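If you want the building blocks of each chain, they are given just below.
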Amino acid sequence: MPAPALWATLATGLLATLLLTDGLAVNLLLVALPAACAAYAAGRFAGRRTRAWSLVWAVGGLALLTIPVLRDADWPSFLAVVTALAAGSLALHGGRSWPAVLLGPIGVFNSLVTGPLWGWHGVRARSNDARGRVVPVLRALVVTAVLLLVFGALFAGADAAFADLLGDLMPKASFTGGTWHVVTLALGIVGALAVAHTAAAPIRWDRARVPEGRARGRVEWALPLVVLVLLFAVFNAVQLTVLFGGYDAVLRETGLSYAEYARQGFWQLLLATLLTLVVIVLALRWAPRGGVRDRTLVRGVLGTLCVLALVVVASAVRRMDMYVEAYGLTRLRISVTAVEWWLGLVIVFIMAAGVWGARWLPRAVAASAVAGVLAFGLASPDALVAERNVQRYEETGKFDLDYADGLSADAVPALDRLEEPMRSCALRLVARDLADTAGDPWYATSWGQARARDLLADRPVSTDADVVTCGQLGSEALYR
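As the structure is a prediction and not an experimental result, all values here were calculated from the model.

Enquirer: Is there a simple way to explain the overall build of the chain in this structure?
Expert: A count of helices and strands for the chain gives 19 helices and zero strands. The burial tally for the chain puts 40% of its 480 residues in the buried class. Pairs at least 24 residues apart make up 78% of the contacts formed inside the chain by residues separated by at least 6 positions. Put simply, the chain shows about 26,100 Å² of open surface, and 68% of that area lies on carbon and sulfur atoms.

Okay, here's the thing in structure tokens:
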């Protein structure tokens, strides 16, 4: 284990125990940076070259870790962190095939066991040779700590403003949380060793070979798909008719309301899109491979199916838009709509792969997922939900107050536009949560929380917004 990787690992553990005990914000990014340095040093020591796609995955993973820095909502931050781990595994392993893209995280989990053993052997091998260099460094660190402690205490006692600044900047470590500090120290060191070991000795998933499916005859392969294409064509013809102004006629014939028609169809169309991707994957596996005529048949049938599937995607998105117009926007509705858009993009990629080859397809799909999660977090879904529902309230007078007061601090700028007493009722719970976390250090506070605190400091929540008043107001706005 190279010395730079060792020092980066120790820095990761130290930062983890100092910063990760109060919540997640910029501290998670600060802990991830030395871990990335450990991986880079270990990979260089093992003779691995840094490739362009590895940099893409590494930068994408670190960019995803900015979502907890910016957003207070837990759910997009959790999604961003999970996706960042997947992108990090791709950066460590490399690879361009489907096994490399899908199985990369397994190698990192395996290194959680082998990484610490590898690090221990590396420390033992270097301990004797490095003793003459390590001791002076340790002495310098001790002297530095003593000087900072002595003069920092003197300056803090001499000036109250400097004492406050020092208190804000320094992590708040306590003996009461000693067990948790030990746990975060261990997690930081083990995690850094795992990524460093993976970078030095990755599993070569590209060498895994998935056997090809047995090619079918043209009739056996094409007949079910052609029938499916005809079914898609008939359904899409009806959808296009409705799209160009046939809503009233359809609603009269079905007896459904505007919102019921939209709700009835979206989930079925989302499932149809997913199943279409499965059908395409299986069809490619069993496609006839006899020559040019077979390739033309496969491209023609599957290309037509992909085009019709895109119309299904558009219909699903339109139905969700109708549903939102009737009932407002929620976290679930904005999430599944984003997934539907991404599935449409994957279908476009498959169509392009049929023209230019599929060698780039696995990495393109993975990159689009990383970019999609990053864009989703940066867009602040809680803020979008609040913005859309406030706009709907201004237009129709309808508002789901019970749902609004469960949103995070990211929604405060939009909810702050409401008139009193609706504003205070919508903000009272988030204001209480912000008051409970007012003592959190800067590195565990998101930008969304800081912005919300500033807005609520300028216009505090009214004390008249109690449970009874807000309950009555919410019922009136919901059923208006």
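From this point, things continue past the structure.
Enquirer: Explain the layout of surface pockets to me, please; I cannot follow it from the model alone.
Expert: One way to see where empty space is left: roll a probe the size of a water molecule over the atoms. Estimated volume of the second largest pocket: approximately 1,700 Å³. Lining the second largest pocket are 40 residues, with Trp 98, Leu 284, Arg 285, Ala 358 and Leu 361 positioned closest to its centre. Here the residues of the lining of the second largest pocket are counted per class, giving 26 nonpolar, five polar and nine charged.

Enquirer: Looking at this structure, how should I read the state of the cysteines?
Expert: By definition, a disulfide links two cysteine residues through a covalent bond between their sulfur atoms. Considering all chains together, one arrives at one disulfide under this definition. For Cys 425, the disulfide goes to Cys 470, at an S-S distance of 2.1 Å. Between Cys 425 and Cys 470 the sulfur-sulfur dihedral comes to about -85°; the bridge is accordingly left-handed. One end of the pair, Cys 425, is in helix α17 (residues 422-436); the other, Cys 470, is in helix α19 (residues 467-478), with 45 residues separating them in the sequence. On the basis of relative accessible area, Cys 425 is assigned to the buried category, the value being 0%. Under the relative-accessibility criterion, Cys 470 is labelled buried at 4%.

Enquirer: Explain the confidence of the model for the chain here, please?
Expert: Note: predicted coordinates in regions of low pLDDT should not be interpreted at a detailed level. Confidence along the chain averages 83 in pLDDT terms, with 86% of residues attaining 70 or more. Confidence drops under a pLDDT of 50 for residues 173-177, and excluding neighbours within four residues, the segment shows two contacts in the predicted structure.

What counts as what
- Residues numbered from 1 in each chain as written.
- Predicted model: local features only at pLDDT ≥ 70, side-chain atom pairs only at ≥ 80, totals over all residues.
- Heavy atoms only, no water.
- Helix = DSSP H or I, 4+ residues; strand = E, 2+ residues; numbered from the N terminus.
- Buried < 20%, exposed > 50% of the residue type's maximum accessible area, 1.4 Å probe, protein only.
- Contact = heavy atoms within 4.5 Å.
- Areas by Shrake-Rupley, 256 points an atom, 1.4 Å probe, with all protein chains shown as cover.
- 1 Å grid on protein atoms, 1.4 Å probe; cavity = no way out; pocket = protein on both sides within 12 Å on 5 of 7 lines; lining within 4 Å.
- Points joined across faces, edges and corners; volume = space filled by probe spheres on them.
- Nonpolar A, V, L, I, M, F, W, Y, C, P; charged D, E, K, R; others polar.
- Disulfide = S-S within 2.5 Å.
- pLDDT = per-residue confidence, 0-100.

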